[in-house]
Every structure is written in structure tokens, then in C-alpha cells.
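In case you want the letters, here they are:
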Amino acid sequence: MKKVGVLISGRGSNLGALIEAQSSSYKIVQVISNAADAGGLERATQAGIATCVIPHKGKTREEFDAELDADLRQAGVEIVVLAGFMRILSDGFARAWQGKLINIHPSLLPAYKGIKVHERVIAAGERQSGASVHFVVPELDAGPVIAQASVPVHPSDTPELLAARVLEVEHKLYPEALRLLAEDKVKLEKGFAVFS
Ligand code: GRF
């Protein structure tokens, strides 16, 4: 059973899905938000999970990340899961947690890294989009992919409609990918996701 820490900044619907899917392979022991008003904090508290707010304002990226790191280690966290965490982590943090740090991104990576994904997908006339769970490496949204799920893009889609369709598959995909990592069925080796 791996101890998991989840970093959030907002509503925490993926956190909710990860909480519901907890099993013998992982247990969420700590939820950290950089925003005091993140809805996900309430979800965690309701589930009896310890929470902590670490504001980022007025701190360098390194100072903020050092606080995150200290809190996670104190809680005995073995795997760090980013779930709507809207801060870019320092290279040092990404390296320290390499292979133990994952993120979910609402596109079929390596396509559409960064923000405003759904707007760009629709503007480009794509017929398909989706979600990707990937290992976090220092370069943004560039780490090896662990799992992906696709959804259709309809001609009548708005960014909001597409986001909701993608979010639905995220909620299944993220717990599955976390289970793979927690059960050591996927590892980051020499920059690749290696499955066993
Ligand atoms: C999701 O769309 C995720 O892909 C992106 O941020 C959003 C978080 O949503 N990284 P929630 O806070 O989990 O509801």
C-alpha cells in the first residue's frame, strides 16, 4: 500500500475520483493546496484526509517547493499526484520526486501541451481529443505517458462541453494510472515509461 500525496489548486474533481477509487494499492494521506479556497480541500476533509494550505505568494519557486517537499516527506508520502495543481514545479522538485510524481493533462499528449487546450483543439478542427497521465519531468507536460483515453470532438463543441467530456474520462483514467504506479507495474526508466 503506497502512501499518496495529492497537490491541488481548485475544485478537485480528480481528487474526488482518486479518493473513491482508493484500494489496497494506494492510500491518500495528505492533500496540499496552494489556494486556501480550493474546493478539493473540503472533499479531502470529508473523506478524513489530512489537508494543508501552502500559499505560494511572496515566495520564490524554490522556497515554495521546499515547503511542499518538507510537508510531503513529513506525511510519509511515497507518490505525489498533481490534480489540477496550477503551479509549475521547480526542476529540483521534479528531479527529487522523479518516477514518483505524476500529472493529468486534458489532451492527447504530446499534442496540446500547456493551457487553453480545449479552445486550441476546437480551433484546429480536431476530431479527437482526450486525457493523458504522465510522469512529471522538468520540462512542462513533456514527461513519458503512462495512460491515455480519447473522446470525440463534435463540430458543435464549445470548450466547456469538450472539457466536461474529457473530465469524465479523466476520472476513470487517473485512478487506473495511479494504481499501475502504486503496484510497481510502471516505472520511469531512462526517460521512458516501462511497463511490467
Ligand atoms: C483537469 O482538467 C486536469 O486535466 C487539469 O486540471 C483539471 C483539474 O480539474 N490538469 P479538477 O480540479 O480535478 O476538477
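Going by the structure above, here's the rest.
K.L.:
How would you summarise unusual backbone geometry if you had to cite specific residues and measurements?
P.N.:
Of note, the bond from Leu109 into Pro110 is cis; its omega dihedral lies within 30 degrees of zero at 10 degrees. In this structure, Pro110 sits in the loop between β5 (101–105) and α5 (117–123). Phi is positive for Asp141, close to 55 degrees, though the residue is something other than glycine. Looking at where Asp141 falls in the secondary structure, it is placed in the loop between β6 (128–135) and β7 (145–152). For Asp184, which is not glycine, the phi torsion reads 60 degrees and is therefore positive. Judged by its relative accessible area of 36%, Asp184 falls in the partly exposed class.

K.L.:
Residue-level account of the site of the ligand, with values.
P.N.:
Around the ligand sit Arg11, Gly12, Ser13, Asn14, Gly84, Ile104, His105, Pro106, Leu167 and Glu170, and those are all the residues in its vicinity. Asn14 places a main-chain nitrogen or oxygen 2.8 Å from an oxygen atom of the ligand. For the ligand, a nitrogen atom lies 3.0 Å from a polar atom in the backbone of Ile104. Because more than half of its atoms lie within 2 Å of the grid, the ligand is assigned to the largest pocket. When contributions to the shell around the ligand are tallied by element, the ones reaching two or more residues are α1 (13–20), β5 and α6 (159–182). Considering only residue class, the shell around the ligand consists of 3 nonpolar, 5 polar and 2 charged.

K.L.:
Could you give me a rundown of the layout of surface pockets, with the residues and numbers involved?
P.N.:
Looking at the largest pocket, its volume works out to about 1100 Å³. Lining the largest pocket are 40 residues; nearest its centre among them are Gly84, Met86, Ile104, His105 and Pro106. The set of elements that each furnish at least two residues to the lining of the largest pocket consists of α1, β5, α5, β6 and α6. Here the element with the most residues in the lining of the largest pocket is α6; it accounts for 5 residues. Residue classes in the lining of the largest pocket are distributed as 21 nonpolar, 12 polar and 7 charged.

Here is what the cut-offs are and how they apply
Residues numbered from 1 in each chain as written. Predicted model: local features only at pLDDT ≥ 70, side-chain atom pairs only at ≥ 80, totals over all residues. Heavy atoms only, no water. Helix = DSSP H or I, 4+ residues; strand = E, 2+ residues; numbered from the N terminus. Buried < 20%, exposed > 50% of the residue type's maximum accessible area, 1.4 Å probe, protein only. Near = heavy atom within 4 Å. Polar contact = N/O pair within 3.5 Å; in protein donor to acceptor, adjacent residues only side chain to side chain. 1 Å grid on protein atoms, 1.4 Å probe; cavity = no way out; pocket = protein on both sides within 12 Å on 5 of 7 lines; lining within 4 Å. Sits in = over half its atoms within 2 Å of the grid points. Nonpolar A, V, L, I, M, F, W, Y, C, P; charged D, E, K, R; others polar. Points joined across faces, edges and corners; volume = space filled by probe spheres on them.

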